[in-house]
Amino acid sequence: MNSPSDCTILHVDADGFFAGVEQALNPALRGRPVVTGAERGIIAAASYEAKALGIKRGLQLHEARALYPDLAVLPSDYETYSLYSQRLFSILRRFTPNVEEYSIDEAFADLQGCDKLLGCAQERVAEKLRDAVRTEMGLTVSVGISLTKTLAKLCSKFRKPDGQTVLRREHLPIMLRRTPIDKVWGIGPASAAKLLARGITTAHAFTLMEAASVIKLLHKPGYETWLELQGRQVFKLELNPKTEYASMMKGHTFSPPSAEQHLVFAEALKNMAAALAKLRRHRHLAREIGLCLRAQDYTAQAAAATLPALTAHDSEAAPLLRQLFDRLFVPAQNYRSTMVWLGGLVPVSGCQMDLFQNTPPRRLLGHLDQAVDRLNLRYGQNTVAPAALMDQQLKPWHPRDAAPERFRQTYRGERLRHLAIPRMTLSNPV
Ligand SMILES: [Mg+2]
């Protein structure tokens with residue numbers, strides 16, 4: 001049971017990732033409370049210095065500033081974060097090719113065979129990984145290694161930031177006793193409430209339940225988590241990037257909120273164009289379109305409709321978007337964001353195009369979309385866009401519109417929407 005080779009699932013999680021990247025890029029920010037999300041007025045990420053002051057993700061900026069007026073507040077720079085993310089995953093792939101990119105700053109890896117390859121124990125693998133990320137990227141990450149994905153994720157959280165935990169089978173009960181049930185990956189608030197109502201407060205108490213009662217109470221997903229917590233692998237690593245999608249959405253918050261109908265519609269249309277471009281990039285067609293308008297007081301109205309045919313063309317979806325918009329828009333209401341959702345997706349390859357739908361005009365629309373996508377990819381998003389998008393210029397400039405610093409100093413060959421060169425700064429000498 002105690003074979004050292006069954007403890008092979010690694011989870012790595014960057015510490016306060018977006019804020020950490022900003023600190024890695026700008027030495028003046030290191031050691032200071034830093035948050036990102038200036039463009040939305042809500043904190044997207046907080047550095048550990050900010051977290052120590054009680055400032056965390058989801059807090060409104062004015063609330064955070066009340067806690068610490070000298071807070072460094074930065075606009076999100078997702079292009080740069082994505083480059084750092086790729087770099088983090090490429091460092092992980094030096095240890096093993098078996099890597100699942102779970103989110104922008106989290107990955108799972110299977111180290112099976114890795115200890116022999118590297119000639120060291122799991123602890124040393126975790127140290128080497130953390131050292132490489134720290135010296136090459138100026139970031140800290142936390143690493144967990146255990147028998148299953150669920151346990152590895154528990155371990156990476158155990159000593160955060162800049163920590164590592166290897167959990168072997170013989171120490172499972174110690175860790176599980178210290179883990180509140182609602183901190184287990186896969187146990188959401190509803191499941192946690194059901195377990196708490198039965199007096200199950202820790203992961204350990206949960207693993208002691210009878211299998212039949214777990215299935216009855218939490219069904220298959222809960223049962224799978226129950227197995228994983230006991231060190232029995234159920235969740236496999238997803239090694240191939242996703243190729244099929246059920247839905248896609250694009251949303252954007254704008255400041256200041258606006259009651260200007262043309263402007264709010266232009267925002268919705270921009271999101272629709274971005275969602276359709278993504279749909280075409282991933283070679284899918286949509287059957288449904290949905291729109292959500294969020295008012296200044298955070299109440300939201302949403303509606304959806306079925307498209308006349310499976311489509312990825314702007315000109316076929318736009319009239320329906322207009323109808324949804326006219327149904328939802330309330331004059332004199334101030335809006336802060338719009339979100340467009342595409343559903344009922346079908347991959348182009350698996351789609352039987354109706355003979356009557358594959359008409360010459362529709363084929364021309366396809367050529368038009370391709371040409372527009374190529375231009376926008378080359379010269380930046382919305383270089384070619386519907387004329388109604390010009391109504392976006394109705395929006396007055398707001399401090400939240402300030403672009404990330406990195407966009408003001410692009411390298412040759414880079415475009416604002418396409419940063420290609422990771423700017424890395426070495427961490428402070430230890
Ligand atoms: Mg993280």
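Conventions we followed
Residues numbered from 1 in each chain as written. Predicted model: local features only at pLDDT ≥ 70, side-chain atom pairs only at ≥ 80, totals over all residues. Helix = DSSP H or I, 4+ residues; strand = E, 2+ residues; numbered from the N terminus. Rg over C-alpha atoms; globule rule 2.2 N^0.38 Å. Buried ≥ 20, exposed ≤ 12 C-beta atoms within 10 Å, placed from the backbone. Core = buried A, V, L, I, M, F, W, Y, C linked by C-beta atoms within 7 Å. Domains from an automatic or database assignment. Contact = placed C-beta atoms within 7 Å. pLDDT = per-residue confidence, 0-100. Pairing = 2+ DSSP bridges. Axes fitted to C-alpha atoms, helices over the stretch in contact; angles between N-to-C directions. Parallel < 35°, antiparallel > 145°, perpendicular 65-115°, else oblique. Nonpolar A, V, L, I, M, F, W, Y, C, P; charged D, E, K, R; others polar. Left-handed = near helix turned anticlockwise from the far one by under 90°.

A look at the overall build of the protein chain
Part 1 of the reasoning: When helices and strands are counted, the protein chain shows 14 helices and 13 strands.
Part 2 of the reasoning: Compactness check: the protein chain gives a C-alpha radius of gyration of 24 Å against a globular reference of 22 Å for 430 residues, within 12% of the reference.
Part 3 of the reasoning: Its C-alpha atoms give the protein chain principal-axis dimensions of about 65 × 55 × 45 Å.
Part 4 of the reasoning: A total of 430 residues make up the protein chain; the buried ones form 32% of that total.

Quick notes on the nonpolar core
Part 1 of the reasoning: The biggest cluster of nonpolar side chains holds 57 residues, and the ones touching the most others in it are Leu10, Val35 and Ile145.
Part 2 of the reasoning: Domain assignment of the residues forming this core places at least three in each of domain 1 (4-165) and domain 2 (179-229).
Part 3 of the reasoning: Sequence-distant contacts of Leu10, defined by excluding residues within four places in its chain, comprise Phe108, Ala109, Leu111, Val143, Ile145 and Ala152.
Part 4 of the reasoning: In terms of nonpolar packing, the next biggest core, distinct from the first, is built from 29 residues, Val264, Ala268, Ala286 and Leu345 among them.

Quick look at the domain arrangement of the protein chain
Part 1 of the reasoning: When the domains of the protein chain are assigned, the result is domain 1 (4-165), domain 2 (179-229) and domain 3 (248-396).
Part 2 of the reasoning: Contacts between the two partners involve six residues from domain 1 and, on the opposite side, seven residues from domain 2.

Thoughts on the confidence of the model for the protein chain
Part 1 of the reasoning: In the predicted model, the protein chain carries a mean pLDDT of 89, and 90% of its residues have values of at least 70.
Part 2 of the reasoning: The spread of mean pLDDT over the elements of the protein chain runs between helix α5 (residues 114-118), the lowest at 70, and helix α10 (residues 203-207), the highest at 98.
Part 3 of the reasoning: Every residue in residues 425-430 is under pLDDT 50, and counting partners more than four places away or in other chains gives 10 contacts.

Let's talk about the sheet that holds strand β7 (residues 141-146)
Part 1 of the reasoning: Judged by pairing direction, the sheet is mixed, and its five strands sit side by side in the order β5-β6-β1-β7-β8 without closing on themselves. Bordering the open sheet on either side are β5 (99-103) and β8 (164-166), each of which pairs with just one other strand. For this sheet, the mean inter-axis angle between neighbouring strands, taken without regard to orientation, is 15°.

Thoughts on helix α1 (residues 17-25)
Part 1 of the reasoning: In terms of burial, α1 is a largely internal element, eight of the nine residues being buried.
Part 2 of the reasoning: Taken as a whole, α1 has its buried residues at Phe17, Phe18, Ala19, Gly20, Val21, Glu22, Gln23 and Ala24.

Brief notes about helix α7 (residues 149-158)
Part 1 of the reasoning: Counting buried positions over the 10 residues of α7 gives eight, a clear majority of the element.
Part 2 of the reasoning: What α7 keeps buried is the set Lys149, Thr150, Leu151, Ala152, Lys153, Leu154, Cys155 and Ser156.
Part 3 of the reasoning: Elements that come into contact with the buried residues of α7 comprise β1 (9-14), β6 (106-110), β7, β8, α8 (172-177) and α11 (211-229).

Overview of the sheet that holds strand β2 (residues 34-36)
Part 1 of the reasoning: Ordered by their spatial adjacency, three strands build an open sheet running β3-β2-β4, and the pairing between neighbours is mixed. Every interior strand has two partners, whereas the edge strands, β3 (45-46) and β4 (72-74), have only one.
Part 2 of the reasoning: Where β2 lies against β3, two bridges are found, and the strand directions are antiparallel. Directly across from Thr36, in β3, lies its bridge partner Ala45.
Part 3 of the reasoning: Where α1 meets the sheet, it contacts β2, β3 and β4, and its direction lies at approximately 120° from that of β2.

Quick look at the packing of α1 against helix α4 (residues 78-92)
Part 1 of the reasoning: At a closest axis distance of 10 Å, the pairing of α1 and α4 adopts a crossing angle of 90°. The angle between α1 and α4 falls in the class roughly perpendicular. Here Phe17, Phe18 and Val21 of α1 lie close against α4, whose contacting residues are Thr80, Tyr81 and Tyr84.
Part 2 of the reasoning: Split into classes, the residues belonging to the contact of α1 with α4 amount to five nonpolar, one polar and no charged.

Points about the environment of Leu293
Part 1 of the reasoning: In this structure, Leu293 sits in strand β10 (residues 284-295).
Part 2 of the reasoning: The buried category is assigned to Leu293, around which 24 C-beta atoms lie within 10 Å.
Part 3 of the reasoning: Distance in space between the C-alpha atoms of Leu293 and Ala385 is 21 Å, their sequence separation being 92 residues.
Part 4 of the reasoning: When sequence neighbours within four positions are dropped, the list of residues in contact with Leu293 reads Val264, Ala300, Gln301, Leu328, Phe329, Tyr335 and Thr338.

Concerning unusual backbone geometry
Part 1 of the reasoning: Cis geometry is found at the peptide bond from Lys160 to Pro161, where omega equals -5°.
Part 2 of the reasoning: Positionally, Pro161 belongs in the loop between α7 and β8.
Part 3 of the reasoning: With an omega dihedral of -10°, the bond running from Ser255 to Pro256 counts as a cis peptide bond.
Part 4 of the reasoning: Tracing the chain through its elements places Pro256 in strand β9 (residues 248-258).
Part 5 of the reasoning: Even without being a glycine, Arg283 presents a positive backbone phi close to 55°.
Part 6 of the reasoning: Here Arg283 is to be found in the loop between α12 (261-281) and β10.

Observations concerning the environment of Lys270
Part 1 of the reasoning: Mapped onto the elements, Lys270 comes out in helix α12.
Part 2 of the reasoning: The sequence separation of Lys270 and Arg130 amounts to 140 residues, and the corresponding C-alpha distance is 40 Å.
Part 3 of the reasoning: Ignoring sequence-local partners within four residues, the contact set of Lys270 consists of Asn382, Leu389 and Gln392.

Comments concerning the pairing of β5
Part 1 of the reasoning: Inspection of the sheet shows β5 paired to β6 by four bridges, in the antiparallel sense. Along β6, the bridge assignment pairs Glu101 with Ala107.

Description of the packing of α4 against helix α6 (residues 122-137)
Part 1 of the reasoning: Look at α4 against α6: their axes get within 10 Å of each other, and the N-to-C directions meet at 140°. In terms of their interaxial angle, α4 and α6 are classed as oblique. Crossing geometry of α4 relative to α6 is assigned as right-handed. Counted together, Tyr84, Arg87, Leu88, Ile91 and Leu92 of α4 and Leu129, Ala132, Val133, Glu136 and Met137 of α6 form the full contact between these two elements.
Part 2 of the reasoning: Considering only residue class, the contact of α4 with α6 consists of eight nonpolar, no polar and two charged.

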